[in-house]
Every structure is written in C-alpha cells, then in structure tokens.
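# Structure assessment
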Amino acid sequence: MAAIGEDVLKLHIKDAKFSSAYIFYGEDDFMKRFYLDKIKAKAVGDNLPEFNLHVLDGTKAGIDEILELAMSIPMMSDYVLVIVNDFDFSSVSDEKIEELFASLGEGIIMLFYSQTVKPNMQKGAWKKAMKLFKEKGSSVKFEKKDARELAKIAMSAAKKRGCYFPQYLAASFVERVGNDLFLIKNEVEKLCAMKGEGEITAADIDAITVKTLDASAFDLTKALISGNPNKAFDILNDLKQQREEAIMILGAINSSYIDMYRVKVASQKGLEPAAVANFYSYNKADWKLKRAAFNAKNLSVSQLRRSINVLCDADEKLKSVNNDATVVLDETLVKLMLIAARSQQ
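Quick caveat: nothing in here was measured; it's all calculated off a predicted structure.

All right, on to the overall build of the protein chain then. Along the backbone of the protein chain there are 16 helices and eight strands. Seen along its three principal axes, the alpha-carbon backbone of the protein chain occupies a region of about 75 × 50 × 45 Å. Within the span of the protein chain, comprising 345 residues, buried residues form 45% of the whole. Carbon and sulfur atoms make up 50% of the accessible area of the protein chain, which totals about 18000 Å².

Structure follows, in structure tokens:
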C-alpha cells in the first residue's frame, strides 16, 4: 500500500478490503474518529466484538502487548480489529517495529491513530514506522478542511435532517462556529431540531448557534474600526457574561489585528490576502485573511502597529495581579477606537 487519501480509504471500507495496518494522523480528529468508526462497523460490526475488537490506550500499552494482539485469529468474522490510540513509536526499537509488521496475521487490521501524540516523521523510530506503514499498510493524513469543504459538510448534514442550508449562509455559519467538525455537526443538529424542516435562515443561526471567540473578536474589531462603540462594548459584555477569560478575549482581538497587519503589509508588496497563508500556518483557515483585509482597508500600517502595541501593553497589564481585568479591557477598546478614528477624519 502507501500514503492514501480519503477517496481510497472509502473504497477500502466500501469493498471491505482492508490493509493489515493503518495509521491515522494529522490535525482533524473528527475525521480520524469518523473513519475509525466506519472501519469498525464494516470489519467487525456485531461479529463477536468481544473477541474481534481490541482497543488499547497507546500511552499505557507496551509494544509486546500490541505484538501479541497482532497475531490474533478472527472468530466467526473475516477480520479482527486492533485499535491503538496515541502510541509513541519513538520509544520502540527498529527491530520491534519490524517484528510488529512481520507478525500481522491473516485477517488482522492494526489501526493506530494519534490525538495528543504528534508523529515526528523525519527521524528515528517514527521514520522507520512510517516507512513500513507505507510499504506494508496505509498511512492517512487528515488535514483540517477549508471553509468551502466545511460549508458543504454543513449543507449535507442539514439535508439529511430535512432542512435546506443555502450555500452563502452555510459559509457564514462556518465562520461563526469555527472549523471544528464536532462543533459544526452539533450546531447543525441544533438548528435542524429547532427548524424541523425547510430553509435555514440567518435569524435561525443568530438565535441558536454558538459563536466562537474568534468570530466574536472579528465582529468586535469591525465595530471598533467602523466607529461603533455601542456594538463593540455589547459584544465585549456578551463575552464577559459567557465567562470568557479576559486574557483569552484580548488574545482573540490581538490575533484579529495581527491578521490585518499581515495582509496590509502583503498588499503593499502587491500580494493578495491568501498569499499570507504561504508564510504563516493558518491550517486552511485562510478565509480569516480575506475578512481581515476587509477590516484593514481603511487603516494604515502605522495605525495597525500602534494598535498592536496597545494590545501588547494590555497583555502585560492583565498578567499583573494589581490591575482590574475589566478596566484594562475597557480602556484598551477605547484606545483602539481612537487610533482607528484618525483614519476617518
């Protein structure tokens, strides 16, 4: 086998023709769990799972325990599935890794997936393990999906529940709730449960869905720049009522200003907002850069620098036990608004 994508993995599941070993890694934990459950249902299902399904905590299981299960024999089933979560191959010798792949018996599916352990593919035992997964099994990297893909998933999830999600609204919905697929699925379920059937509207989304801190910070920043203090402080008060920590609120606002600064500097070099993603890790969230460019259009680089300096000063004050967090945040918003107002004079 080799490094494969979701399209090939879907065929493995559809045809019930599995590799003897898989490793799922990458940043999208939702898709790892999704395909793990699909493999589990197809390979084992109700066929004596007490004998044909083994789930190990890789942070506690040793290589010898895994080796023993690798030689299991399916009982009244075509496959026995061994799932190992967060196993760190860096603690295993090359010889033991080779022994593991050599010992995989007929009908065995050995599936490793990572959540907290970050594989280091370029050196040591991890490099050896990945080489063998590609030669004798399948490795699948699950990257975070971009906004367009997430919007399609939201639309599809709504359709399955008897609701219609217009594409333009699905896109703004993703910006509102973030790129976590677990949260997107949950919020779509809430929307459809409330709606029952029919077309989802902007009012429905505003009424029931949870807005991420990042999305709130964007709206707050937009209000500051456009000279709308009432809206800015309304958003800030909502965040306080949601018990968001002051340092987290400030961090989200700071992130919004840094995005604006990056796209503003890039535009002076003749680069489009999306080009900034080539220099920084936005994890397929380059839509943030497009909206940052919209907010930054009436601000100068100098204004953005001064704004970021204000935010850095506020960060230092919040980390001091002698300052009131509410006062620091309120003063910071006023200072940011005054800097932005100079572009409107």
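Turning our attention to the layout of surface pockets. By volume, the largest pocket amounts to about 390 Å³. Looking at the largest pocket, it is lined by 15 residues, and the ones nearest its centre are M31, F34, K145, I153 and K185. Within the residue set of the lining of the largest pocket, elements represented by two or more residues are α1 (6-15), α2 (29-43) and α7 (147-160). Among the elements that line the lining of the largest pocket, the one with the most residues is α7, at six residues. In terms of residue class, the lining of the largest pocket is built from six nonpolar, one polar and eight charged.

The bulk of non-glycine residues show a negative phi, and the bulk of peptide bonds are trans. In this structure, M76 takes a positive phi of about 55 degrees despite not being glycine. Mapped onto the fold, M76 is located in the loop between α4 (63-70) and β4 (80-85). At R243, a position not held by glycine, the phi torsion is positive, near 65 degrees. With respect to the helices, strands and loops of the structure, R243 is situated in the loop between α12 (229-241) and α13 (246-268).

At a minimum axis distance of 10 Å, the contact between helix α8 (residues 167-177) and helix α9 (residues 181-195) shows a crossing angle of 120 degrees. As judged from the angle between their axes, α8 and α9 are oblique. Between α8 and α9 lies a crossing of right-handed hand. Contacts between α8 and α9 involve F173, V174 and V177 on the former and, on the latter, L183, I184, E187, V188 and L191. Residues of the contact of α8 with α9, tallied by class, amount to seven nonpolar, no polar and one charged.

Another point: the sheet that holds strand β2 (residues 21-26). Pairing is parallel across the open sheet formed by six strands, whose spatial order is β1-β6-β2-β5-β4-β3. This sheet does not close on itself; its edge strands, each paired only once, are β1 (3-4) and β3 (53-57). Against the sheet, helix α6 (residues 124-136) engages β1, β2, β5 (108-113) and β6 (138-142), with an angle of about 125 degrees to β2.

The next thing to look at is the side chain of T212. As for its placement among the helices and strands, T212 is situated in the loop between α10 (202-208) and α11 (213-225). Within the local environment of T212, its side chain forms a polar contact with the backbone nitrogen of A215, the two atoms lying 3.1 Å apart. Filtering out sequence-adjacent residues up to four positions away, T212 remains in contact with E175, R176, V177, G178 and L183.

As a further point, take the packing of α11 against helix α14 (residues 287-296). Between α11 and α14, whose axes approach to 10 Å, the crossing angle comes to 15 degrees. Considering their axes alone, α11 and α14 lie roughly parallel with respect to each other. Like other packed secondary-structure pairs, α11 and α14 cross with a definite hand, here right-handed. Across the interface between the two elements, D214, A215, F218, T221, K222 and I225 of α11 pack against W287, K288, R291, F294 and N295 of α14. A per-class count over the contact of α11 with α14 returns five nonpolar, two polar and four charged.

Let us look at the environment of E68. Assignment of secondary structure puts E68 in helix α4. Along the primary structure E68 and Q303 are separated by 235 residues, whereas in three dimensions their C-alpha atoms are 63 Å apart.

In this section: the environment of F89. Position of F89 among the secondary structure elements: in the loop between β4 and α5 (94-102). F89 sits in the buried class, given a relative accessible area of 0%. Along the chain, F89 and K128 lie 39 residues apart, while their C-alpha atoms are 9.0 Å from each other. F89 has contacts with I97, L100, F112, A125, W126, A129 and F133, leaving out every residue within four places of it along the chain.

Taken as a whole and assessed by the stated rule, the structure comprises two cavities of 30 Å³ or more. Put simply, the largest cavity is a space of about 70 Å³. Forming the walls of the largest cavity are D214, A217, F218, A252, S255, S256, D259, M260, K288, R291, A292 and N295. Elements supplying a minimum of two residues to the lining of the largest cavity: α11, α13 and α14.

Scanning the model with the defined rule gives 14 aromatic pairs in all. Arranged with centres 6.2 Å apart and planes meeting at 65 degrees, the rings of Y22 and F24 form a pair that is edge-to-face. As far as the burial class goes, Y22 and F24 line up, both buried. Between F34 and Y35, the ring centres sit 5.1 Å apart and the planes meet at 85 degrees, which makes this aromatic pair edge-to-face. When its relative accessible area of 3% is taken as the criterion, Y35 is described as buried. Members of the aromatic cluster, each reached through a chain of ring pairs, are F87, F89, F101, F112, W126 and F133.

Cut-off values and rules
- Residues numbered from 1 in each chain as written.
- Predicted model: local features only at pLDDT ≥ 70, side-chain atom pairs only at ≥ 80, totals over all residues.
- Heavy atoms only, no water.
- Helix = DSSP H or I, 4+ residues; strand = E, 2+ residues; numbered from the N terminus.
- Buried < 20%, exposed > 50% of the residue type's maximum accessible area, 1.4 Å probe, protein only.
- Areas by Shrake-Rupley, 256 points an atom, 1.4 Å probe, with all protein chains shown as cover.
- 1 Å grid on protein atoms, 1.4 Å probe; cavity = no way out; pocket = protein on both sides within 12 Å on 5 of 7 lines; lining within 4 Å.
- Points joined across faces, edges and corners; volume = space filled by probe spheres on them.
- Nonpolar A, V, L, I, M, F, W, Y, C, P; charged D, E, K, R; others polar.
- Axes fitted to C-alpha atoms, helices over the stretch in contact; angles between N-to-C directions.
- Parallel < 35°, antiparallel > 145°, perpendicular 65-115°, else oblique.
- Left-handed = near helix turned anticlockwise from the far one by under 90°.
- Contact = heavy atoms within 4.5 Å.
- Pairing = 2+ DSSP bridges.
- Polar contact = N/O pair within 3.5 Å; in protein donor to acceptor, adjacent residues only side chain to side chain.
- Phe/Tyr/Trp six-rings, centres within 6.5 Å; stacked < 30°, edge-to-face > 60°.

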